[in-house]
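# Examining the three-dimensional arrangement
Single-letter residue listing:
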Amino acid sequence: MSFSLKGLFTKKVSTKEEPSGEVPRHVAIIMDGNGRWAAHRGLPRTAGHHAGMVALRRTIRSANDLGIAVLTVYAFSTENWNRPSREVDFLMRLPNEFLRTDLPELIEKNVRVTMSGFREGLPKHTKDAIDDAISKTATNTGMVLNFALNYGSRAEIVKAVREIAEEVSQKQLTFDEIDEVTVSQHLYTAGLPDPDLLIRPSGEIRLSNFLLWQLAYAELCFIDVYWPDFKHEHLVAAIEVYCKRDRRFGGIKL
Ligand code: FPP
């Protein structure tokens with residue numbers, strides 16, 4: 001089987017069970033293409049989101065098996081509220097459904113659940129399901145599964161700037177003390193390493209307001225399958241591409 005990875009160029013990659021190099025510590029995924037996957041089958045968009053949940057389950061298992069330390073998944077953006085209310089309601093119930101069936105496995109696999117995003121605005125049942133998973137896995141030491149939920153990067157940066165300004169005005173921090181670490185510490189991802197690899201399936205080549213600060217030096221991989229069709233071999237292929245990239249972080253190879 002082969003498929004295309006898009007970037008500045010498109011190339012066919014062959015599939016493997018395991019990557020040949022070191023796996024990235026933090027992988028972030030924009031789970032895109034649920035609606036188109038459903039439309040191609042003459043199904044409602046919600047069926048695509050449900051299939052997306054199944055793909056998420058598979059991907060969590062794969063990421064854990066491969067030894068990835070942090071997996072961040074974009075489950076709902078601050079812009080997704082603009083969708084029809086039926087779709088929004090469905091998306092807001094998915095964390096409940098997923099955690100009801102999968103939390104025992106996450107606990108058994110020592111996975112720690114976290115959330116990046118604005119809690120305000122989430123329905124109580126969504127917050128309760130996420131909070132329950134966060135508290136039941138808080139002391140786990142294995143892979144971190146970070147749900148980006150009601151998340152938007154620009155709004156997150158505005159929130160950080162406001163908090164920092166407040167600390168300066170309260171004299172808890174001086175103007176000169178503000179640096180990149182200060183900003184990182186005020187983002188929802190505080191305490192997590194920045195993503196090394198961003199994967200976006202579905203063929204779209206954009207970031208869609210996702211982790212704009214944190215992705216500064218990430219390798220980007222765009223892959224032309226819809227998220228519900230994303231499988232272990234796609235994750236391995238993306239990691240394989242990552243392993244071949246030459247990461248210089250703005251420096252040069254001596
Ligand atoms: C974008 O695809 C996807 C979303 C807005 C939702 C992503 C959610 C899931 C994959 C399910 C996650 C499950 C849990 C448990 C949180 P789209 O609908 O915009 O697709 P399209 O671009 O093809 O229309």
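Residues numbered from 1 in each chain as written. Predicted model: local features only at pLDDT ≥ 70, side-chain atom pairs only at ≥ 80, totals over all residues. Heavy atoms only, no water.

### Points about the site of the ligand
- Every one of the 20 residues lining the ligand counts as a neighbour, but G35, R36, R45, H49 and R83 are closest to it.
- Here an oxygen atom of the ligand sits 2.7 Å away from a polar atom, N or O, in the side chain of R36.
- R83 has a polar side-chain atom sitting 2.7 Å from an oxygen atom of the ligand.
- Its free accessible area being 620 Å², the ligand has 91% of it covered by the protein chains.
- Top contributing element to the shell around the ligand by residue count: helix α2 (residues 45–66), with five residues.
- Among the residues making up the shell around the ligand, the classes are represented as 10 nonpolar, six polar and four charged. (Near = heavy atom within 4 Å. Polar contact = N/O pair within 3.5 Å; in protein donor to acceptor, adjacent residues only side chain to side chain. Areas by Shrake-Rupley, 256 points an atom, 1.4 Å probe, with all protein chains shown as cover. Helix = DSSP H or I, 4+ residues; strand = E, 2+ residues; numbered from the N terminus. Nonpolar A, V, L, I, M, F, W, Y, C, P; charged D, E, K, R; others polar.)

### Focus: the pairing of strand β6 (residues 144–151)
- Most of β6 sits out of view: eight of its eight residues are buried.
- With seven bridges connecting them, strand β4 (residues 70–77) and β6 associate as parallel partners. From the neighbouring strand, S77 faces β6, where its bridge partner is Y151.
- Two elements, strand β5 (residues 112–116) and β6, share five bridges in a ladder whose sense is parallel. (Buried < 20%, exposed > 50% of the residue type's maximum accessible area, 1.4 Å probe, protein only. Pairing = 2+ DSSP bridges.)

### Focus on helix α3 (residues 85–108)
- Across its 24 residues, α3 extends 35 Å between first and last C-alpha, which sits within 8% of the 34 Å expected from 1.5 Å per residue.
- A bend of about 55 degrees at D102 is the largest found in α3, and the proline P104 appears one to four places after it.
- Residues E87, V88, L91, M92, L94, P95, N96, F98, L99, D102, L103 and L106 constitute the buried set of α3.
- Those residues of α3 that are buried lie in contact with α2, β4, β5, α4 (124–137) and β6.
- Positioned one or two residues after α3, N110 has a phi angle of 65 degrees, which is positive. (Expected span 1.5 Å × (residues − 1). Bend = angle between axes of the 7 residues up to and from the residue. Contact = heavy atoms within 4.5 Å.)

### Observations regarding the confidence of the model for the protein chain
- Overall, the prediction assigns the protein chain a mean pLDDT of 94, with 93% of residues at 70 or greater.
- Ignoring residues within four places in sequence, the model shows residues 7–14, a span with pLDDT below 50, making 14 contacts including any to other chains. (pLDDT = per-residue confidence, 0-100.)

### Regarding the packing of aromatic side chains
- For the structure shown, the criterion picks out seven aromatic pairs.
- Judged by centre distance (6.0 Å) and plane angle (75 degrees), the ring pair of Y74 and Y151 falls under edge-to-face. Of the two residues, Y74 sits in strand β4 while Y151 sits in strand β6, which places them 77 residues apart along the sequence. Y151 carries the same exposure label as Y74, and that label is buried.
- An angle of 70 degrees between the planes, with centres 4.8 Å apart, marks the rings of F76 and W81 as edge-to-face. (Phe/Tyr/Trp six-rings, centres within 6.5 Å; stacked < 30°, edge-to-face > 60°.)

### Overview of the nonpolar core
- By size, the foremost hydrophobic cluster in this structure holds 44 residues, and its most contacted members are L71, L106 and I199.
- If you tally residues by element for this core, the top one is α3, at eight residues.
- Residues in contact with L106, not counting those within four places in the same chain, are I60, F98, L99, V111, V113, N140 and L145.
- By size, the runner-up hydrophobic cluster in this structure holds 10 residues, among which are Y74, Y151, L198 and F210. (Core = buried A, V, L, I, M, F, W, Y, C linked by side-chain atoms within 4.5 Å.)

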